[in-house]
Amino acid sequence: MFWKKLADIILKNRLLILALIVILSIFMGYHASKVRITFNGGKVLPVTDSAYIRYMQFKKIFGQDASTMVIGFKSSRIFDKDVFNDWNQIGRSIQHIKGVKAVISVANLYNLKKDTAQHRFVLKPLVDHPLTTNKAVDSIKKLISSLPFYKGLILSEDGQSTLMAITFDDKIINTSKRVPIINTILKEGQQFDQKHNIEVHYSGLPLIRTVAADLMKREFSLFLCMSLLITAIILFTPFGIIYNSCAESLPAKTSINNSKNKRNSNWRLVFIFISL
């Protein structure tokens, strides 16, 4: 009988089979620990698609904004001294993070000045130190309004909304190094939100891709645990029923309970091996 021979083989070589299962489990677990989530954007279209070709031509001419993140808020207190200085400080703190190329906001703007001595134009920051009075902040507000280049970009037309644009280094944008940078930016925004009771909003591909990757990572772990549980139930439930049926149908060669228990244990061991 095939099943009896299989049971005999498994029982006779149970230590060897257990050792092989342990070795294979360690081998698979070692390689599973090296699985990483890619931080590159997925390619939905093939490289030969006409839309993809046009996109690559556009990107070659105009570049891309996949490395820019924006944060902003809406409030009538943008040019309040404390709010303005804290917003300026956030920009300076983010600017010093390794992996951030540039930060531009209403408190980190530049004006183009003419250097008559050197016959050239130079960029001068509008704010190079914390402002101590509301009058100084109002003068900065008037200066920003007089510069047409920033009109409708950093500050809204009604002066109630503003944003901060943060540009990342292209070398780290597609790596896991961007995650702590994003977390630091979010932490800075949350502290500003709590201090001034002003809701800060976040957007940009670096943030969206980071949040999506983190969500996928957590869902993958949940899916893996649930799949293991479901697989265990599917395997052990039928085999447990078969084991009970086989154990009850086995002819009793002796009336000694110890022999019967031993036989039942052997069958249970066989079905456990089959399940594995």
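Residues numbered from 1 in each chain as written. Predicted model: local features only at pLDDT ≥ 70, side-chain atom pairs only at ≥ 80, totals over all residues. Heavy atoms only, no water.

## Quick notes on helix H1 (residues 2–12)
Think of an α-helix as 3.6 residues a turn; residues three or four steps apart then line up on the same face.
Here is step 1 of the chain: Among the residues making up H1, those that are buried are Ala7, Ile10 and Leu11. An end-on view of H1 places all buried positions within 95° of arc, on one side of the element. The outward face of H1, more than 90 degrees from its buried face, is lined by the exposed residues Phe2, Lys5, Ile9 and Lys12. (Buried < 20%, exposed > 50% of the residue type's maximum accessible area, 1.4 Å probe, protein only. Helix = DSSP H or I, 4+ residues; strand = E, 2+ residues; numbered from the N terminus. Arc of directions from axis to C-beta.)

## With respect to the packing of helix H4 (residues 81–95) against helix H6 (residues 178–196)
Here is step 1 of the chain: Where H4 meets H6, the closest approach of the two axes is 10 Å, and the angle between their N-to-C directions is 170°. As judged from the angle between their axes, H4 and H6 are roughly antiparallel. Side by side, H4 and H6 meet where Asp82, Val83, Asp86, Trp87, Ile90, Ser93 and Ile94 of the first sit next to Ile185, Glu188, Phe192, Lys195 and His196 of the second. (Axes fitted to C-alpha atoms, helices over the stretch in contact; angles between N-to-C directions. Parallel < 35°, antiparallel > 145°, perpendicular 65-115°, else oblique. Contact = heavy atoms within 4.5 Å.)

## Notes on the nonpolar core
Here is step 1 of the chain: Formed by 39 residues in total, the largest nonpolar core has its most connected members in Phe84, Trp87, Ile94 and Phe168.
Here is step 2 of the chain: Mapped by element, the contributors of at least two residues to this core are strand S1 (68–74), H4, strand S2 (100–104), helix H5 (134–145), strand S5 (161–168) and H6.
Here is step 3 of the chain: Residues in contact with Trp87, not counting those within four places in the same chain, are Ile71, Gly72, Phe73, Ser105, Val106, Ala107, Asn108, Thr162, Leu163, Met164 and Phe192. (Core = buried A, V, L, I, M, F, W, Y, C linked by side-chain atoms within 4.5 Å.)

## Considering the packing of aromatic side chains
Here is step 1 of the chain: Under the criterion given, the structure shown has 4 aromatic pairs.
Here is step 2 of the chain: Ring centres of Phe73 and Phe192 lie 5.4 Å apart, and the angle between their planes is 45°; on these two criteria the pair is classed as tilted. Of this pair, Phe73 sits in strand S1 while Phe192 sits in helix H6, and the two are 119 residues apart along the sequence.
Here is step 3 of the chain: Residue classification places Phe192 among the buried residues on the basis of a relative accessible area of 3%.
Here is step 4 of the chain: With a centroid separation of 5.9 Å and an interplanar angle of 25°, the aromatic rings of Phe79 and Phe84 are classed as stacked. For the pair formed by Phe79 and Phe84, the shared burial category is buried.
Here is step 5 of the chain: An aromatic cluster is present here, built from Phe73, Trp87 and Phe192 joined pairwise through their rings. (Phe/Tyr/Trp six-rings, centres within 6.5 Å; stacked < 30°, edge-to-face > 60°.)

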